[in-house]
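Structural description and commentary
Single-letter residue listing:
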Amino acid sequence: MIKFFRHIRQNLLHQNKISKYLVYASGEILLVVIGIVLALQFNAWSTNTKELSKEEWYLNNILDDIHYQTQSLDIIVEEYKATIIAAKSILKDYYNQKSFIGIDSLNSKLNLLMYAQFFPNTNNTYQELVSSGQLSLIKNNNVSLEVIDFYLYTADIESVFKNDINNVFYPQIYPVISNLVQVDIADFLQDESDVYLLEKLPPISSLIEKKLENLSTRLALENAIKLKILILSDQLTLIDEVKKGAKELAVLVQKELDEHNHK
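This write-up is about the structure you can find in this document. What you are looking at is a predicted structure, and each value in this text was computed from that prediction instead of being measured. (Residues numbered from 1 in each chain as written. Predicted model: local features only at pLDDT ≥ 70, side-chain atom pairs only at ≥ 80, totals over all residues. Heavy atoms only, no water.)

Moving on, we come to the packing of aromatic side chains. Inspection of the entire model under this criterion finds 9 aromatic pairs. With a centroid separation of 5.6 Å and an interplanar angle of 50°, the aromatic rings of tyrosine 94 and tyrosine 95 are classed as tilted. Measuring from centroid to centroid gives 6.0 Å for phenylalanine 169 and tyrosine 174, while their planes differ by 55°, and the two rings are tilted. On the basis of relative accessible area, phenylalanine 169 is assigned to the buried category, the value being 3%. Overall, tyrosine 174 belongs to the partly exposed group, its relative accessible area being 31%. Within the aromatic cluster, the residues linked to one another by ring pairs are Tyr94, Tyr95 and Phe100. (Phe/Tyr/Trp six-rings, centres within 6.5 Å; stacked < 30°, edge-to-face > 60°. Buried < 20%, exposed > 50% of the residue type's maximum accessible area, 1.4 Å probe, protein only.)

Following this line, the structure appears as structure tokens:
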């Protein structure tokens, strides 16, 4: 093809047809320009297509993260509610009987109070977007800002949970309760031969009862239970706020994905 155009150009020059040559040269330049423009447009289209595909992949993964986090929070909510019921039950019986000794299933109820939950901040997709510098892939600024705001908020909530656990639960609650219970691992046993681990030895039970007769011990346990209720109640409020934010973000992200599908 190049030889063909060169041959035409040489014939026009040889025949001294300058005007026709200029027209031909202009046409040749125009073809080159059109070719370059088409190539640039194709590259731009290809890039936009790849970026759109990546954006949809990230948005879908954000939806998956939100769904998983919400499920995890639902489980925590049920555990917290059961723990609060057990804690209030202990205090109610204590105030009625003026003693912790003889409270029904005291050991089992105190076992529920011995566990703490870290906040399940499921933000893998968001962290990848940030670390890879690809937040700009989310073209809708409103969606992008809502994603950022939500995960900054959940990071704050995660810090609150960690603070409660590290500065209140382990220093002030766990040491008191763990000193007055026999740890129950019934839910974790898988081998029937380990059934001996469930036995509650009478001498140990007597030792715990003797400790519970001490006024200082009773005060420490009462305060520990109240602190546990306060922490869980506060965290339940925070979890409820996170779930509402997650639901709103999920709706926004899904709407953006739906608009992509209609383009």
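The next thing to look at is the side chain of serine 144. Tracing the sequence through the fold places serine 144 in helix 5 (residues 141-178). Beyond its immediate chain neighbours, meaning those up to four positions away, serine 144 contacts Leu135 and Ile138. (Helix = DSSP H or I, 4+ residues; strand = E, 2+ residues; numbered from the N terminus. Contact = heavy atoms within 4.5 Å.)

A few words now on the pattern of salt bridges. Enumeration according to the criterion identifies 4 salt bridges in this entry. One salt bridge in this structure joins lysine 243 and aspartate 74, with 2.6 Å as the shortest N-O distance. Separated by 169 residues along the polypeptide, lysine 243 in helix 7 (residues 215-261) and aspartate 74 in helix 2 (residues 18-97) bring together distant segments of the chain. In this structure lysine 243 comes out as partly exposed when scored by relative accessible area, which is 27%. Overall, the relative accessible area of 31% leaves aspartate 74 in the partly exposed class. A salt bridge links lysine 162 to glutamate 158; the nearest nitrogen and oxygen atoms lie 4.0 Å apart. Here the residue lysine 162 and the residue glutamate 158 both occupy positions in helix 5, the gap between them amounting to 4 residues, near one helical turn. In this structure lysine 162 comes out as partly exposed when scored by relative accessible area, which is 38%. The class of glutamate 158 is partly exposed, set by a relative accessible area of 23%. (Salt bridge = Lys/Arg side-chain N within 4 Å of Asp/Glu carboxyl O.)

By themselves, these are just geometric observations and shouldn't be taken as functional.
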